[in-house]
Amino acid sequence: MAGRRLRIALVAGEASGDLLGAGLLEELKQRFPDAEFAGIGGPRMQAAGLEAWHDSSELAVMGLAEVLRHLPRLLRLRRRLSRRLLDWRPDVFIGIDAPDFNLGLERRLKQAGIRTVHYVSPSVWAWREGRAAKIGRSADLVLCLFPMEPPIYARHGVDARFVGHPLADAFPAHPDRAAARERLGLHDDPPVLAVLPGSRLGEIRRLWPVFIEAARLLTLGVPGLIVAVPAADAACRAAIEQGLDGSQLANVAIYDGQAHDIMVASDVVLLASGTAALEAMLAKRPMVVGYRISALTYRLVMWLGMMRTSRYSLPNVLANEPIVPELMQHDCTPENLASAVMGWFGDPDARAALLPRYEHIHAKLRGNASASAAEAVAGLLAK
């Protein structure tokens, strides 16, 4: 339509997608100041200028068993959104993460002649590499956060670009631990264990009781230990506080957000597998990674042989060797977690040896990600 403003549609799920989307949207606005932006996003994307047709919290579902429960609602939402997008006819559609929701939507839009971008590759390096070809049938362009991903897509003839990771841009090369402790009110330099049981209620319910008991065991061997816990939102805080009832765990400080400061201020981090492991690495802190998925999801994944890696946490994947302990499913017990954390507390040489490995990975991930992603989208629009 002659004279029509450029239209860019974006769909992001969960807080991490909202953060990525906001950075990308701000960079796109610099390149296309008169463009219209609409779709699904959270508060950050909305503040950056997105006309939100739905909130990103509606897509916040994780795990096969969990998705099955919410599937009818998600399919209805995707059908409604697809019809609205086809009516609106954006010049480009950008699906940010949320692959179970976005890839099907992208494929329908691509078939209708709309250019499509998928930002944040699913973990094709970890399981089901064949998905790369399927993703290429949905997306004209895949924007990757990690350098090992584009070569996988190249094997399947898919245009994929490494743009860097926004978190690597956000974290300084040398975080200021003393300043972080001051902001958190942690005086007299006590030993601090940061505990991050996840940002979803399902994760917290599965992992928090295990992490609480591991922390209690650690207080027996680390005098004066403070356990610092960031709560992603009010619902997470309520679940964390409820889990503490009757736990016999003392010296627990719960914060509203402030996860980055808490990790930087800590001596060791105990966390759920996921993006938090990358954040702890960028905070330059030794960590122990624990995770449990629902029993049904775990049985399905193992039965179908979906996993193609023995490493789960991003520091180990990016280092291509086990530099931090990871304890998954049946190995994720309070005793195992406490023993692994105590290993870091008791071995300053191991902590010192970890630092240059972290710094090397951090440097590789830096790339002004939001600007690089926006440039890639602009290149697609120029074709």
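Refer to the preceding data block for the structure.
All figures in this text were calculated on a predicted structure; none of them were measured in a lab. (Residues numbered from 1 in each chain as written. Predicted model: local features only at pLDDT ≥ 70, side-chain atom pairs only at ≥ 80, totals over all residues. Heavy atoms only, no water.)

A. Just the pairing of strand E8 (residues 192–196), in detail. Most of E8 sits inside the fold, with five of its five residues counted as buried. Alternating residues of E8 divide into Val192, Ala194 and Leu196 and Leu193 and Val195, and every residue in both groups is buried. Bridge count between E8 and strand E9 (residues 226–231): three bridges; the pairing is parallel. Looking at E9, one finds that Leu193 is bridged to Val227. Regarding topology, helix H9 (residues 201–219) serves as the crossover connection from E8 to the parallel E9, and that connection is right-handed. Examined bridge by bridge, E8 and strand E11 (residues 268–272) share four bridges and lie parallel to one another. Looking across to E11, one finds that Val195 is bridged to Leu270. (Buried < 20%, exposed > 50% of the residue type's maximum accessible area, 1.4 Å probe, protein only. Helix = DSSP H or I, 4+ residues; strand = E, 2+ residues; numbered from the N terminus. Pairing = 2+ DSSP bridges. Right-handed = clockwise from strand over helix to strand, strands pointing away.)

B. Focus on the sheet that holds E9. On the basis of which strands lie adjacent, the open sheet formed by six strands has the order E10-E9-E8-E11-E12-E13 and parallel pairing. Either end of the sheet is taken by a strand with one partner, and the two such strands are strand E10 (252–256) and strand E13 (326–328). Sheet twist, expressed as the mean angle between neighbouring strand axes with direction ignored, is 20°. Relative to strand E12 (residues 287–291), E11 runs parallel, the two being bridged by four bridges. Within E12, the residue paired with Leu271 across the bridge is Val289. This element, helix H15 (residues 334–345), spans E8, E11, E12 and E13 of the sheet and lies at about 165° to E12. (Axes fitted to C-alpha atoms, helices over the stretch in contact; angles between N-to-C directions. Contact = heavy atoms within 4.5 Å.)

C. Spotlight on the sheet that holds strand E7 (residues 160–162). One open sheet accounts for seven strands, arranged E3-E2-E1-E4-E5-E6-E7; its pairing is parallel. Each edge of the open sheet carries a strand with a single partner, namely strand E3 (51–55) and E7. Across the sheet, the mean angle from the axis of one strand to that of its neighbour is 15°, orientation sign disregarded. Relative to strand E2 (residues 36–41), strand E1 (residues 7–12) runs parallel, the two being bridged by five bridges. Within E2, the residue paired with Val11 across the bridge is Ile40.

D. Structural detail: the state of the cysteines. A complete count under the given rule lists zero disulfides for this structure. Its sulfur unpaired, Cys236 is 18 Å from the next cysteine sulfur, which belongs to Cys332. A residue is classified by how much of its surface remains accessible, and Cys236, at 1% relative accessible area, is buried. Cys332 gets classed as buried once you look at its relative accessible area, which sits at 0%. (Disulfide = S-S within 2.5 Å.)

Keep in mind these numbers describe shape, not what the thing actually does.
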